[in-house]
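# Coordinate analysis (summary)
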Amino acid sequence: MKKLVVVAILISFTFPLSATFADRSENKIVELIDGVDENTLYYYDKTIQDFGPHPTGSEECNEVAEFIFNEFSNYGLKTEYQEWEYRGLRGKNIVATLYGKDNYTIIFSAHYDSVAVSPGADDDGSGISCLLMAAKIMASYSFQHTIKFVAFSGEEQGKYGSECFARNAYENGEIIVADLQLDGVGHAESKEGGSKIRLSSNEASTWISDMAEEIAEKYEDKIGLDIVRHRNFPGSDHQSFIEYGYEANFFLEYEFNPHYHSPQDTIENVNFSYLAKVCKLAIATLASIADKDIDIMVRFVEPERGAIYFGGRKIMKISSHHTIVFGRIHAEANIIGKEEVRRVEFYFDGELRGVVEEEPYSFMYGKPAFFKHSIKIVAVGEEEADMNEIDVMVFNIIPKYWLK
Ligand SMILES: [Zn+2]
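All figures in this text were calculated on a predicted structure; none of them were measured in a lab.

## Brief notes about the overall build of the protein chain
When you go through the protein chain residue by residue, the secondary structure sums to 11 helices and 18 strands. In terms of C-alpha radius of gyration, the protein chain reaches 23 Å, essentially the compact-globule figure of 22 Å for 404 residues. For the protein chain, the spread of C-alpha atoms along the principal axes amounts to about 70 × 70 × 40 Å. In the protein chain, which comprises 404 residues, the proportion classed as buried is 55%. Intrachain contacts of the protein chain at a sequence separation of at least 6 include 76% that bridge at least 24 residues.

## A closer look at the environment of Met-387
With respect to the helices, strands and loops of the structure, Met-387 is situated in strand S18 (residues 385-395). Considered as a pair, Met-387 and Asn-334 are 53 residues apart in the sequence and their alpha carbons are 12 Å apart. Ignoring any residue separated from it by four or fewer positions in sequence, one finds Met-387 in contact with Glu-203, Ala-204, Glu-247, Val-298, Lys-376, Ile-377 and Val-378.

## Some thoughts on the domain arrangement of the protein chain
Along its sequence, the protein chain is carved into domain 1 (20-290) and domain 2 (297-403). Averaged C-alpha coordinates put domain 1 and domain 2 at centres separated by 32 Å. Facing the 16 residues of domain 1 at the interface are 16 residues of domain 2. Between domain 1 and domain 2 lies a buried interface of about 1,300 Å² when both sides are counted; carbon and sulfur atoms form 47% of it. The tally of links between domain 1 and domain 2 comes to 2 salt bridges. Put simply, Glu-171 and Lys-317 hold a salt bridge, and the shortest N to O gap is 3.5 Å. The interface formed by domain 1 and domain 2 holds 8 residue pairs in polar contact (both at pLDDT 80 or more) in total. Secondary-structure elements contributing two or more residues to the side of domain 1 that touches domain 2 are helix H7 (160-171), strand S5 (176-182) and helix H10 (238-243). For the side of domain 1 that touches domain 2, the leading source of residues is H7, giving 4 residues. Split into classes, the residues belonging to the side of domain 1 that touches domain 2 amount to 9 nonpolar, 1 polar and 6 charged.

## Re the packing of helix H3 (residues 38-50) against helix H4 (residues 59-74)
Orientation of H3 relative to H4, taken along the N-to-C sense of each, is 150°, at an axis distance of 9 Å. Compared by their axis directions, H3 and H4 come out roughly antiparallel. Relative to H4, the crossing made by H3 is right-handed. Where H3 approaches H4, its residues Tyr-43, Tyr-44, Thr-47 and Ile-48 are matched on the opposing element by Val-64, Phe-67 and Glu-71. For the contact of H3 with H4, a count of residues per class yields 5 nonpolar, 1 polar and 1 charged.

## Thoughts on the coordination of the zinc ion
His-111 (NE2), Asp-123 (OD), Asp-183 (OD) and Asp-183 (OD) make up the full set of protein donors to the zinc ion, lying at 2.0 to 2.5 Å. Look at where the donors of the zinc ion fall in the sequence and you get H-x11-D-x59-D. Here His-111, found in strand S3 (residues 105-111), pairs with Asp-123, found in the loop between S3 and helix H5 (125-138); they are 12 residues apart in sequence, far enough to count as distant. Classification of His-111 as buried rests on a relative accessible area of 0%. The class of Asp-123 is buried, set by a relative accessible area of 8%.

Cut-off values and rules
- Residues numbered from 1 in each chain as written.
- Predicted model: local features only at pLDDT ≥ 70, side-chain atom pairs only at ≥ 80, totals over all residues.
- Heavy atoms only, no water.
- Helix = DSSP H or I, 4+ residues; strand = E, 2+ residues; numbered from the N terminus.
- Rg over C-alpha atoms; globule rule 2.2 N^0.38 Å.
- Buried < 20%, exposed > 50% of the residue type's maximum accessible area, 1.4 Å probe, protein only.
- Contact = heavy atoms within 4.5 Å.
- Domains from an automatic or database assignment.
- Buried area = accessible area lost by both parts, 1.4 Å probe.
- Salt bridge = Lys/Arg side-chain N within 4 Å of Asp/Glu carboxyl O.
- Polar contact = N/O pair within 3.5 Å; in protein donor to acceptor, adjacent residues only side chain to side chain.
- Nonpolar A, V, L, I, M, F, W, Y, C, P; charged D, E, K, R; others polar.
- Axes fitted to C-alpha atoms, helices over the stretch in contact; angles between N-to-C directions.
- Parallel < 35°, antiparallel > 145°, perpendicular 65-115°, else oblique.
- Left-handed = near helix turned anticlockwise from the far one by under 90°.
- Donors = N, O, S within 2.8 Å, 3.2 Å for Na, K, Ca; no water.

See below:
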């Protein structure tokens with residue numbers, strides 16, 4: 001009798017497991033893509049634009065925030081406001097969390113503030129609509145890593161909300177694998193415009209565009225977008241993540257929107273079938289990253305962002321992402337991930353200066369330098385490698401006895 005029960009249990013478990021992991025994850029991606037619905041995107045974007053122009057600090061901005069907050073909560077996600085104050089402006093971000101099996105976090109983001117004259121249906125009601133759509137669909141699935149859906153304000157003043165978010169995450173030691181930012185993704189007039197999307201990223205983040213490109217090819221029939229790749233455009237919230245050493249990718253419509261920052265940025269000028277394509281691509285990319293193994297990932301332990309160093313020691317923190325070094329530059333890396341580390345390479349202004357094979361992955365650079373320099377660390381594992389880069393203001397052409 002007992003044996004029979006065991007056999008029955010084994011059979012019932014074996015059958016679903018006989019589908020390979022790849023099959024199941026593929027089915028999941030297809031389901032997520034199929035979940036994107038143009039009418040729902042229209043509803044979100046119309047609701048947002050109908051509040052009227054909603055610049056940060058306005059009553060209308062708070063109303064849009066409340067709408068987004070309530071939608072996230074209704075999908076069963078833990079939803080919070082993150083209040084921020086920066087350069088005399090106050091605002092709040094809305095953060096909805098879909099917990100994964102680990103603490104690695106993927107950010108999916110857009111900004112919900114508009115400029116003062118515009119209802120902002122494309123900039124960035126389009127991105128926020130994708131964010132809500134993604135949250136609604138993905139909330140009933142589980143992923144390896146944690147996903148945070150984040151709606152920023154203060155973008156139009158200079159990415160204030162995302163600056164505060166990224167800084168806070170950095171100071172709390174959050175491991176953010178990637179940020180996918182959607183800003184202006186609903187405008188397309190021509191056939192060409194309707195079939196292309198721009199992706200921009202810095203060197204360290206090109207793997208995100210690679211993944212999006214693979215997905216666009218693999219699910220071409222379902223998505224219908226070609227990817228046009230660019231070097232990093234710093235003009236949206238993903239830049240705040242890059243400044244704190246995280247990896248990020250910016251999705252942007254292919255055709256320039258002539259109604260940008262004007263009263264005509266309304267849903268009449270948003271192409272919802274195009275928006276749905278972008279949303280499908282973004283969700284499939286997000287889901288793939290959220291289930292991707294973290295093989296190797298390099299983070300700077302030193303120098304920290306937002307700090308001043310003197311003679312190799314941190315002497316104070318500053319309220320920006322900049323790093324200032326007086327004297328020698330000490331660089332140290334922390335390596336995360338499954339792969340065994342073979343070596344860690346330290347580059348100064350693009351030139352390999354040191355290789356370290358054992359922990360601590362630490363290197364001191366003492367050559368005279370002045371003003372802006374870049375330090376790049378590359379961690380090489382068995383199969384993969386990862387890089388991270390920091391710009392440092394260096395002032396070390398000073399008498400040696402200062403540094404003692
Ligand atoms: Zn924008």
